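# Residue-level structural notes
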Amino acid sequence: MVNVSFFTVRVKIYLKFISSRPSWFLLILTIVDFQLSSGHAETASCFIMGLNMDRLSFAGNQTAFLAATVFVFASTAVNASPAGKLTLKEARDTHLTLYRDKTLVNKMFDNVTDENGSVTLTGLGKHWVHDSIEMELGAADSWSAPAHLTWKQGGLERERLYHSLVGKQVELIGGGLNVSVQGILTNYDNGLGLVQGTNGRHYLVDWNDPQGVRLAARENVYLSGDFQPSLTASFANRSNADSLRLSYITTSIRYSNMYRMTLSEKSDARIELSVLLHNQSSIDYSNAAMSLVSGDTGHPVGGQYRMADTMVMKSEASIIPQRQGEMMVTHLPQNTILKPHSMEQISLYKNEQLSIEKIYQYEFYGRSFRGGQSQKDKPRLSYRFMAERDFPEGSIRIYESSSQGSMLISGENFVPRTIKGDSVLLPVGQALAVRTERTLLSQQQGPDEIISRWQVSIENDNNEAIKLLLVERDSSLLELKDINGAEKESLNTLSISVPAGKSQTFNFTSVYSK
């Protein structure tokens, strides 16, 4: 802030002109010295550049120059931030920890508390979780919580607006009145107001009557700051404190992962992972440090969100998530842009030759099946691949080329959190030309177990060979044995290959506990 030396410096500049008429260099040095001592290096630079360009006309325009000097000094004083007042955009550091349904915002400010230890923060968005707010004042590693923390949600509320008019001069308009009526709002409650007119009459104003009388304020009752969210903290001890830390959760910022898999004619595919950042707030978070968290926090994710107004897209090199406890954390580039009411899409990973396996999967529960029965079904088409790196969860779309060269969406699903080396299975839809028939040949009831003998037939009307996985999902399964015509892949899974346009039949026995 500018102190009393402001006037003294101006006098010195003027005396230099009227006495010895020093060169313009000395005057510039005086002005620059004042600007630098006041902490306004940018203003000083502007003086130097401006005078250097206009030095020829400087001598004949001393009065105008002095006026401009006084104007710049005064502007500097007006723009100075008062103690105890702070806006969100004045944070020196911002870190966003994004989840699929919310974001944890952490901001660091310089200590601007007033002499009473109070500070009011404005510029907050409206959608923040009340019980998540934390503000601390500290120096070095010592932080203290405020003695009092008060926040105002902001926004326009009918009840609050009308209550603020009680006892104030108002004007009645509409509702069949030929001319407006002046008066005082004497009472208001739940949409009903009572106005005592200057003509001696009382008027009842019903907000719920669309054709009724309306109120207009006659006094300057409302200020723009009354409707803005704010946060006020009072600290008992502010000595030696140099930083102010703010943390809160907002539902206006979130992210979603998107996978895109494009199949080739060979047994591989191109897979891409992008993240879409959603900022539905009116706050600019560009250049903030951002981290994406993928994991189970124990809180269900749900709800539909309105899409933001604009979207920008950029590509980055492969960004690998880091494991932290049971979470995957992906740190985005420092120069990430996230404008108000916008979306930002960033490429995190791409592999042009991902080895994939196309399979058909048939699942059943055999314990409750009765002997002599048969059942015809169609399996589900699935794609399977091995994770070459850690993958966060996200939706996936699978594309492939048609015979005419256009792109088709052949499947959609969800990729679960997967660590490097694990298998990813993506069921995408029911088969068109593959059919199965499962028949229970016999069933034996033992004292502790049930033994079932099965026959399964598979018809493949595709023009290419297929691989089918038969999966027994019954939790009481003990083992699969006596397998003829198929291979055992795991405890509850059998696999079989069927040539193009052919049928295959295999048999097996399943054992269940009682």
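Use the structure listed above.
Residues numbered from 1 in each chain as written. Predicted model: local features only at pLDDT ≥ 70, side-chain atom pairs only at ≥ 80, totals over all residues. Heavy atoms only, no water.

To continue, consider the packing of aromatic side chains. Taken as a whole, this structure holds ten aromatic pairs when the rule is applied. Measuring from ring centre to ring centre gives 4.9 Å for Tyr-162 and Tyr-188, while their planes differ by 10 degrees; the resulting arrangement is stacked. Highlighted residues: Tyr-162 in helix H5 (residues 158-163) and Tyr-188 in strand E9 (residues 181-189), separated in sequence by 26 residues. Ring geometry for Tyr-362 against Phe-364: centres 6.1 Å apart, planes inclined by 20 degrees, an arrangement best described as stacked. (Phe/Tyr/Trp six-rings, centres within 6.5 Å; stacked < 30°, edge-to-face > 60°. Helix = DSSP H or I, 4+ residues; strand = E, 2+ residues; numbered from the N terminus.)

The next point concerns a nonpolar patch on the surface. On the surface, Leu-192, Leu-194 and Leu-204 cluster together to form a nonpolar patch covering roughly 270 Å² of accessible area. Note that Leu-204 resides in strand E11 (residues 202-206). Judged by relative accessible area, Leu-204 falls into the exposed class, the value being 61%. (Patch = residues over 30% accessible without salt bridge, like charges linked within 9 Å, V, L, I, M, F, W, Y side chains within 5 Å. Areas by Shrake-Rupley, 256 points an atom, 1.4 Å probe, with all protein chains shown as cover. Salt bridge = Lys/Arg side-chain N within 4 Å of Asp/Glu carboxyl O. Buried < 20%, exposed > 50% of the residue type's maximum accessible area, 1.4 Å probe, protein only.)

For the rest of this paragraph, the subject is the sheet that holds strand E22 (residues 374-377). Here five strands make up an open sheet; going across it, the order is E22-E27-E28-E33-E30 and the pairing antiparallel. Strands at the two margins of the open sheet, each flanked by one partner only, are E22 and strand E30 (477-484). Averaged over all pairs of adjacent strands, the angle between strand axes in this sheet comes to 25 degrees, irrespective of strand direction. Alignment of E30 against strand E33 (residues 503-513), held across five bridges, turns out to be antiparallel. Bridging from a neighbouring strand, Asn-484 pairs with Asn-507 of E33. (Pairing = 2+ DSSP bridges. Axes fitted to C-alpha atoms, helices over the stretch in contact; angles between N-to-C directions.)

On to the side chain of Asn-351. Tracing the sequence through the fold places Asn-351 in strand E21 (residues 342-364). Judged by relative accessible area, which is 14%, Asn-351 ranks as buried. Polar contacts involving the side chain of Asn-351 include one to the side chain of Glu-388, which spans 2.9 Å. Residues contacting Asn-351, with those up to four places away along its chain left out, are Ala-269, Arg-270, Ile-271 and Glu-388. (Polar contact = N/O pair within 3.5 Å; in protein donor to acceptor, adjacent residues only side chain to side chain. Contact = heavy atoms within 4.5 Å.)

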